[in-house]
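Residue-level listing of the chains:
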Amino acid sequence: MKLNIREIAIFAMLGSVMYASKVIMEFAPNIHLLGVFTISFTVVYRKKALYPIYTYVLLNGIFSGFSAWWIPYLYIWTVLWGMAMLLPRKLPARMAPLVYMSVCAIHGFAFGTLYAPVQALLTGLSLQGMAAWIIAGLPWDFMHGISNFFCGILIVPVISALRLAEKNSQKN
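So, here's what we can say about the structure. (Residues numbered from 1 in each chain as written. Predicted model: local features only at pLDDT ≥ 70, side-chain atom pairs only at ≥ 80, totals over all residues. Heavy atoms only, no water.)

When its secondary structure is counted, the protein chain shows eight helices and zero strands. For the protein chain, the succession of helices and strands along the chain, N to C, is α-α-α-α-α-α-α-α. Since a compact globule built from 172 residues should have a radius of gyration of about 16 Å, the 17 Å found for the protein chain is in line with a globular shape. Dimensions of the protein chain along its principal axes, counting C-alpha atoms only, are 55 × 35 × 30 Å. Per-residue burial for the protein chain yields a buried fraction of 41% across its 172 residues. Put simply, of all contacts in the protein chain between residues at least 6 apart along the chain, 75% involve residues at least 24 apart. Accessible surface, the protein chain as shown: approximately 9400 Å² in total, 74% of it carbon and sulfur. (Helix = DSSP H or I, 4+ residues; strand = E, 2+ residues; numbered from the N terminus. Rg over C-alpha atoms; globule rule 2.2 N^0.38 Å. Buried < 20%, exposed > 50% of the residue type's maximum accessible area, 1.4 Å probe, protein only. Contact = heavy atoms within 4.5 Å. Areas by Shrake-Rupley, 256 points an atom, 1.4 Å probe, with all protein chains shown as cover.)

In structure tokens, the structure reads:
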């Protein structure tokens, strides 16, 4: 997965866009475009999508602090990337929006559960304590999943824009 200068610049910008979108949306808890970008980048750039995703994760740590809350970010976005990697490369045009929106929603619904093991390890929670922590977060995960589903309507347009930009850059 060797990168050229152009890809380094593009992936740095895409990771920065992810971070900026998160900061802009902080007024609305659990409503953001991170799933949209993660899936879109994965569909277009495949394995190389990990570069902008982890640029975002790194920026999050730099600007918000490398503390306990940040550690699950090292794998949570990789789970969504992996889900997107498992999707067929050429989904039928009529199915693609709903499939992408659904995958985005599933990640939102599962976010607290994915986050819980590290939370339990770092705070000394028992299995019952971790289950209670997950249950307490279900309303937030519900909001996260629903908002990810509706934000997911932007995935196909973002994919189209990225593909058009890639196609135009190949001409130059």
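For the largest pocket, the calculated volume is near 410 Å³. In terms of lining, the largest pocket is formed by 21 residues, of which the most central are Pro29, Asn30, His32, Tyr73 and His144. Grouping the constituent residues of the lining of the largest pocket by class yields 13 nonpolar, five polar and three charged. A volume near 190 Å³ is recorded for the second largest pocket. Surrounding the second largest pocket, Val43, Arg89, Lys90, Leu91, Ala93, Ala96, Pro97, Tyr100, Val156, Ile159, Ser160 and Arg163 form its lining. Elements represented by at least two residues in the lining of the second largest pocket include exactly α5 (96-123) and α8 (155-171). At four residues, the largest contribution of residues to the lining of the second largest pocket is made by α8. (1 Å grid on protein atoms, 1.4 Å probe; cavity = no way out; pocket = protein on both sides within 12 Å on 5 of 7 lines; lining within 4 Å. Points joined across faces, edges and corners; volume = space filled by probe spheres on them. Nonpolar A, V, L, I, M, F, W, Y, C, P; charged D, E, K, R; others polar.)

Taking 1.5 Å as the rise per residue, helix α7 (residues 138-151) with 14 residues should run 20 Å; its terminal C-alpha atoms sit 19 Å apart, in good agreement. Among the residues of α7, Asp141, His144, Gly145, Ser147, Asn148 and Cys151 are the ones counted as buried. Elements in contact with the buried residues of α7: α2 (34-45), α5 and α8. (Expected span 1.5 Å × (residues − 1).)

Turning our attention to the state of the cysteines. For the structure shown, the criterion picks out zero disulfides. Not part of a disulfide, Cys104 finds its nearest cysteine sulfur in Cys151, a span of 7.3 Å. Residue classification places Cys151 among the buried positions, given a relative accessible area of 15%. (Disulfide = S-S within 2.5 Å.)

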